[in-house]
Amino acid sequence: MDDALIIAKFAEESTREEAFRSLLKKYQQKIYWHVRRMVIDHDDADDVVQDIFVKVWKNLGNFREDSQLYTWLYRIATNECITFLNKKKQKQNVSLDDDTSAYLAETLADGNYFSGDKAQMKLQQALLTLPEKQKLVFNMKYFEDMKYEEISEVLGTSVGALKASYHLAVKKIESFFNNHD
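Conventions adopted
- Residues numbered from 1 in each chain as written.
- Predicted model: local features only at pLDDT ≥ 70, side-chain atom pairs only at ≥ 80, totals over all residues.
- Heavy atoms only, no water.
- Patch = residues over 30% accessible without salt bridge, like charges linked within 9 Å, V, L, I, M, F, W, Y side chains within 5 Å.
- Areas by Shrake-Rupley, 256 points an atom, 1.4 Å probe, with all protein chains shown as cover.
- Salt bridge = Lys/Arg side-chain N within 4 Å of Asp/Glu carboxyl O.
- Lys, Arg positive; Asp, Glu negative; His and termini not counted.
- Charge placed at Lys NZ, Arg CZ, Asp CG, Glu CD.
- Helix = DSSP H or I, 4+ residues; strand = E, 2+ residues; numbered from the N terminus.
- Buried < 20%, exposed > 50% of the residue type's maximum accessible area, 1.4 Å probe, protein only.
- Core = buried A, V, L, I, M, F, W, Y, C linked by side-chain atoms within 4.5 Å.
- Domains from an automatic or database assignment.
- Contact = heavy atoms within 4.5 Å.
- Phe/Tyr/Trp six-rings, centres within 6.5 Å; stacked < 30°, edge-to-face > 60°.
- Lys NZ or Arg CZ within 6 Å of the ring centre and 35° of its normal.
- Axes fitted to C-alpha atoms, helices over the stretch in contact; angles between N-to-C directions.
- Left-handed = near helix turned anticlockwise from the far one by under 90°.
- Nonpolar A, V, L, I, M, F, W, Y, C, P; charged D, E, K, R; others polar.
- pLDDT = per-residue confidence, 0-100.

A cluster of acidic side chains, namely Asp43, Asp46, Asp47 and Asp51, defines a negative patch on the protein surface. The topology assignment puts Asp51 in helix α3 (residues 42–59). We classify Asp51 as partly exposed; its relative accessible area is 41%.

This is the structure we're talking about:
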């Protein structure tokens, strides 16, 4: 079902649940992996994804179609990830770049997150060293193959700034690979 039909069917009380099931079928896995790459832990990702789709259910009727539906979904997902990570940081009373990154690295090393080869594990570890915005931009560009214009709509940042963030992220990842044999 295409996005316009999902939105139209959601607007009708009699087809709302069918439309929402179609939306979940189309986007749930993509949103899950977007969230998972940010929060690392599967259980945390499941909780955040559930919160995202509760928000989507409550607000889809007000979707103005100024952007594409998936852009709107990614914006909600990104904001929920940031909110979740900030709450986690407050609970631990540490900087997100300090102890939280160490915790996420331990979660990654635990093996439940990931079944990839050594290079993939190293890439995931490198990503944990990036500032939040660079990690978001890298994930959206590299893993989700989004265009800079799409990322710009999701994050509300200029394309030029996104290109710079991506470039810096790539340089930091290369440096991580070179320094961690």
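A word on the pattern of salt bridges. Following the criterion strictly, the structure yields eight salt bridges and no others. In this structure, Glu18 and Lys9 form a salt bridge, with 3.1 Å as the shortest nitrogen-oxygen distance.

Membership of the largest hydrophobic core comes to 48 residues, with the highest contact counts inside it found for Leu23, Ile31, Val35, Val56 and Leu69. Secondary-structure elements contributing two or more residues to this core are α1 (3–11), α2 (16–39), α3, α4 (69–92), α6 (118–128), α7 (132–143), α8 (148–155) and α9 (159–179). With ten residues, the top contributor of residues to this core is α2. Three or more residues apiece are contributed to this core by two domains, here domain 1 (1–93) and domain 2 (97–180). Setting aside anything within four residues of it in sequence, one finds Ile31 in contact with Val49, Ile52, Phe53, Leu73, Tyr74 and Ala77.

Turning next to the side chain of Asn139. Inspection of the secondary structure puts Asn139 in helix α7. Contact partners of Asn139, with chain neighbours within four places excluded, come to Arg37, Met38, Leu127 and Glu144.

On to the packing of aromatic side chains. Counted by the stated rule, this structure contains twelve aromatic pairs. Judged by centre distance (6.3 Å) and plane angle (85°), the ring pair of Phe138 and Phe143 falls under edge-to-face. Since its relative accessible area comes to 24%, Phe143 is described here as partly exposed. The cationic tip of Arg16 hangs over the ring face of Phe10; the distance from NZ or CZ to the ring centre is 5.1 Å. When the ring centre of Tyr148 is taken as reference, the NZ or CZ atom of Lys141 above it lies at 4.6 Å.

Our next topic: the packing of α4 against α7. At a minimum axis separation of 12 Å, α4 and α7 run at an interaxial angle of 145°. The element α4 and its partner α7 pack so that their crossing is right-handed. Facing Thr78, Ile82 and Leu85 of α4, the residues of α7 in contact are Glu132, Leu136 and Met140. By residue class, the composition of the contact of α4 with α7 is four nonpolar, one polar and one charged.

Note that Tyr74 resides in helix α4. On the basis of relative accessible area, Tyr74 is assigned to the buried category, the value being 5%. Sequence separation of Tyr74 and Tyr27 is 47 residues, and the distance between their C-alpha atoms is 9.7 Å. Beyond its immediate chain neighbours, meaning those up to four positions away, Tyr74 contacts Lys30, Ile31, His34, Glu144, Met146 and Val154.

Considering every residue of the protein, the mean pLDDT works out to 87; 86% of them sit at 70 or more. Mean pLDDT per element in the protein: helix α5 (residues 96–109) is the minimum at 54, and α3 is the maximum at 96.

Attention now moves to the packing of α6 against α7. Where α6 contacts α7, the axes come no closer than 10 Å and their chain directions differ by 145°. For the pair α6 and α7, contact is made by Leu123, Gln124, Leu127 and Leu128 and by Lys135, Phe138, Asn139, Tyr142 and Phe143, respectively. Split by residue class, the contact of α6 with α7 holds six nonpolar, two polar and one charged.

The next subject is unusual backbone geometry. Working note: non-glycine residues mostly have negative phi, and peptide bonds are mostly trans. Although it is not a glycine, Glu65 sits at a positive phi angle of roughly 60°. A positive phi angle is found at Asp145, which is not glycine, with a value near 55°. With respect to the secondary-structure elements, Asp145 resides in the loop between α7 and α8.

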